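# Fold and contact review
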Amino acid sequence: MMNTTTTRRVRTALRVLTLCAAALAAACANRPTPGNAMPFDQAVNQAVDDLIVQTQKLPAFLAKVESTLTQRRIVIDPLLEGASGQQTEVTRVAEQRIVQRMQAQFKQFTVTPFNTAEIGNAQYVLNGTLMRDKDATAGGRYRLNLALTEIKSGMVIAQSVARISDATLDTRPTAFFRDSPVNGKDRGVEGYIRTAETQPGQAADALYLERLPTSTVLQEATAAYEAGRMSEALGRYEAASKRPDGQQLRIYSGLYLTQSQLGRTADAEKTFGTIARLGLETNNLSVKFLFKPGSTDFLGDPKISAAYPMWLRQIARQAAQIDSCVVVTGHTSRTGSESVNERLSLQRAVSVKSKLVTEAPPLAKKLRESGMGFRENIVGTGADDASDALDRRVEFKVVGCDT
C-alpha cells in the first residue's frame with residue numbers, strides 16, 4: 001500500500017512522462033528526413049526536437065524523471081559561428097529560436113539564462129555552432145550543430161545536426177566581436193566547438209567545461225558592453241580576469257575595449273600589452289589591422305586605425321622580450337585573383353614588420369614575413385566588410401630562429 005506522499009510522487013511522475021510523450025509526439029509529427037536542408041526556422045526546430053528526442057531514449061535520463069519533482073534546468077551557452085568562434089547576428093537569432101522552441105514544446109525543461117546565478121543550479125548546458133556547410137552533396141548552405149551535456153558527469157547526452165537551405169544569413173559579428181582587436185579563438189573556444197560536434201556518450205571537452213563558471217562572467221560583461229553599460233562591463237571583465245582561468249584573450253579584449261571607451265588610455269595600452277604577451281606565449285596572436293583596398297596603408301578612418309600605432313608599439317615590445325623569432329603573416333579576403341592577393345598579403349606583412357622594427361630596432365634580426373593571400377580564410381565570403389574582417393588579419397607566429 002502506497003502512502004499519500006508516494007502516491008503524489010507517482011502521479012507527478014506520470015504527469016511528467018505524459019507531458020514528455022505529448023511533446024515528443026508533436027515534435028516528431030511530419031518531421032523532415034534527417035539530412036535534408038530546410039529553411040532556417042524549420043532547421044532550428046528540427047535540431048532542438050532531435051536533441052530532446054534523444055534524451056528520452058536514455059534509461060538513466062528517464063530514471064531521473066520520476067525522482068524529480070521540479071523541472072530539469074538547462075543553460076544555453078551562446079551559440080558561436082563555428083569557423084571563427086565569434087557570436088554573430090544569426091547565432092543570436094538561432095539561440096532565441098531554441099529558447100522559444102524549448103519553452104513551447106518541452107515544458108519538462110526550464111531554460112535559464114547563462115549567468116553566474118544560474119550556472120550552479122543547472123543540470124545541463126546546451127551549446128552549438130552554426131557555420132557554412134562543407135558537404136555540398138547535402139544541399140545545405142549552412143550547418144547547425146547542437147549538443148546537450150550533463151554538467152556533473154561531463155558527458156554529452158545528445159547531439160543533433162540540421163542543414164539550412166537559406167542562401168544568405170546575417171553572419172556579421174555582434175558588437176563585442178566586431179570591436180575586438182584580436183581573434184579570441186583559443187583552446188577553450190575550440191573546446192566549445194568540439195563539444196558541439198561530440199557524439200552522445202562521449203565526454204565533452206574538459207577545458208570547455210572547466211571554464212563554464214568564468215564564461216558566465218564573461219558573458220555578463222559582454223552583454224553589458226553591448227548595451228553600452230561600460231562601467232558595469234569593466235567591473236565584470238575585471239572580475240573575470242582575476243579568476244584562476246581568467247587569462248583569456250576574449251577577457252582581455254573586453255578589458256581593453258571598455259577601458260578605451262571610458263577614456264582610460266594608459267590602462268588600455270597596458271591591457272593590449274597583456275594581449276600581445278598572452279598571444280605570443282600561446283602562439284595565437286591574430287590582430288585585426290585593416291588596410292585600404294589593394295594597399296599596404298592602414299584604413300584612414302581614425303575610429304578604426306587610431307589605435308594601430310599603440311598596438312604596434314606593444315607588439316614590438318613583447319616580441320623583443322622573447323628569445324624566439326616571429327613570423328609576421330599577412331592575409332587577404334577572397335576578392336581578386338590568387339596571385340594578386342598572395343603578393344598583396346606579403347607586402348602588408350613587410351609593411352607591418354618594418355613598423356615593428358621602427359619601434360624596436362633589435363627585432364630586425366628576429367622578424368620574418370610571409371603572405372598567405374586568401375588560402376587561410378576563416379570566413380571566406382569576400383564581402384570585405386565587418387563580417388569577414390578576420391580574413392584580413394595579420395598573424396604573429398613564434399618560431400625557432402634556426403628554422
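Here the structure is a predicted model, which means the values were calculated and not measured.

Looking only at helices and strands, the chain features 15 helices and 11 strands. Counting every position in the chain, which comprises 403 residues, the buried fraction comes to 53%. Counted over contacts in the chain with a minimum sequence separation of 6, partners at least 24 positions apart contribute 73%. For the chain, the accessible area works out to roughly 18,000 Å², and carbon and sulfur atoms hold 51% of it.

Here the focus is the sheet that holds strand β9 (residues 325-330). Spatially, β8-β11-β9-β10 is the arrangement adopted by the four strands of the open sheet, whose pairing is mixed. Edge positions in the open sheet fall to β8 (285-287) and β10 (367-371), since each of these has one partner strand only. On average, each strand axis in the sheet is inclined to that of its neighbour by 25°, with strand direction left out of account. Both β9 and β10 contribute to a ladder of five bridges, which runs parallel. Residue pairing for β10: valine 327 is matched across the bridge by arginine 368. In the packing of helix α15 (residues 338-359) onto the sheet, the strands contacted are β9, β10 and β11 (394-399), and the crossing angle to β10 comes to about 160°.

If you walk through the whole model with that rule in mind, you get 13 aromatic pairs. An aromatic cluster is built from Tyr256, Phe272, Phe289, Phe291, Phe298, Tyr308 and Trp311, whose rings are joined through pairwise contacts. We note lysine 355 situated over the ring of phenylalanine 298; from NZ or CZ to the ring centre the distance is 5.3 Å.

So, on to α15. Over its 22 residues, α15 extends 32 Å from the first C-alpha to the last, a length consistent with the 32 Å expected when each residue adds 1.5 Å. Those residues of α15 that fall on the buried side of the exposure criterion are Asn341, Leu344, Ser345, Arg348, Ala349, Ser351, Val352, Lys353 and Leu356. If you follow the buried residues of α15, they end up packed against α14 (308-320), β9, β10 and β11.

The next thing to look at is the state of the cysteines. Cysteine pairs can be linked by a disulfide, which is a covalent bond between their two sulfur atoms. Across all of its chains, the model carries one disulfide by this definition. The disulfide that involves cysteine 325 links it to cysteine 401, with 2.1 Å between the sulfurs. Looking along the S-S bond of the cysteine 325-cysteine 401 disulfide, the torsion reads about 110°, which is the right-handed sense. One end of the pair, cysteine 325, is in strand β9; the other, cysteine 401, is in the segment after β11, and 76 residues separate them in sequence. Given a relative accessible area of 2%, cysteine 325 falls into the buried group.

Relative to the assigned elements, leucine 209 resides in helix α8 (residues 206-210). The exposure class of leucine 209 is buried, given its relative accessible area of 17%.

Formed by 49 residues in total, the largest nonpolar core has its most connected members in Leu285, Phe289, Ile315, Val352, Leu356 and Phe396. The biggest single contributor to this core is α14, with seven residues. In contact with valine 352, not counting residues within four places along its chain, are Phe291, Phe298, Leu312, Val328, Val394 and Phe396. One finds Ile98, Met102, Val125 and Tyr142 within the second-largest nonpolar core, a separate group that totals 45 residues.

What follows covers the packing of helix α9 (residues 212-226) against helix α10 (residues 230-241). For any two helices packed against each other, one specifies the crossing angle of their axes together with the interaxial distance. Running from amino to carboxyl end, α9 crosses α10 at an angle of 160°, the nearest separation of the two axes being 8 Å. Overall, the two elements α9 and α10 adopt an arrangement that is roughly antiparallel. Seen from above, α9 lies across α10 with left-handed handedness. Facing Thr214, Val217, Leu218, Glu220, Ala221, Thr222, Ala224 and Tyr225 of α9, the residues of α10 in contact are Met230, Glu232, Ala233, Arg236, Tyr237, Ala239 and Ala240.

Now for unusual backbone geometry. For asparagine 283, which is not a glycine, the phi torsion comes out positive at approximately 55°. Locating asparagine 283 in the fold gives a position in the loop between α12 (265-281) and β8.

This part is about the pairing of strand β6 (residues 142-150). Within a regular strand, the side chains alternate between the two sheet faces. Among the nine residues that make up β6, eight are buried, leaving the element largely enclosed by the rest of the structure. Bridge count between strand β5 (residues 124-132) and β6: nine bridges; the pairing is antiparallel. Each residue of the ladder has a partner; that of threonine 129, found in β6, is asparagine 145. For β6 and strand β7 (residues 155-164), the ladder comprises nine bridges, and the chain directions are antiparallel.

Calculation criteria
- Per chain, residue numbering runs from 1 following the sequence as it is written.
- Local features are withheld for residues below a pLDDT of 70 in this predicted model, meaning they are given only at 70 or higher, and side-chain atom pairs are given and counted only at 80 or more; totals for whole chains, interfaces and linings count all residues.
- Think of the side-chain values as coming from all heavy atoms in the structure, minus any hydrogens and water.
- Only DSSP runs of H or I reaching four residues or more are called helices, and only runs of E reaching two or more are called strands; each is numbered from the N terminus.
- Buried residues are those whose accessible area, probed at 1.4 Å on protein chains only, stays under 20% of the maximum for their type, while exposed residues exceed 50% and partly exposed ones sit between those limits.
- Throughout, a residue-residue contact means that at least one pair of heavy atoms, one from each residue, lies within 4.5 Å.
- In this description, accessible areas are obtained by the Shrake-Rupley approach with a 1.4 Å probe, and a residue is regarded as covered only by the protein chains that are shown.
- Pairing between two strands requires that DSSP report at least two bridges joining them.
- Convention adopted: a line fitted to C-alpha atoms gives each axis, helices being fitted over their contacting stretch, and angles between N-to-C directions are expressed from 0 to 180 degrees.
- Aromatic rings from Phe, Tyr and Trp, taking only the six-membered ring of Trp, are treated as a pair when their centres fall within 6.5 Å; an angle between ring planes under 30 degrees marks them as stacked, one over 60 as edge-to-face, and anything in between as tilted.
- Each ring is checked for a lysine NZ or an arginine CZ that lies within 6 Å of its centre and within 35 degrees of its normal; such an atom marks a charge sitting over the ring.
- Working rule for helices: expected span equals 1.5 Å times residues minus one.
- When two cysteine sulfur atoms are found within 2.5 Å, that pair is recorded as a disulfide.
- Residue types Ala, Val, Leu, Ile, Met, Phe, Trp, Tyr and Cys, when buried and joined through side-chain atoms within 4.5 Å, form a set referred to as a nonpolar core.
- Comment on the angle field: the value is read as roughly parallel under 35 degrees, roughly antiparallel over 145, roughly perpendicular from 65 to 115, and oblique elsewhere.
- Crossings are classed by handedness, with left-handed meaning an anticlockwise turn of the near helix from the far one by less than a right angle and right-handed meaning a clockwise turn.

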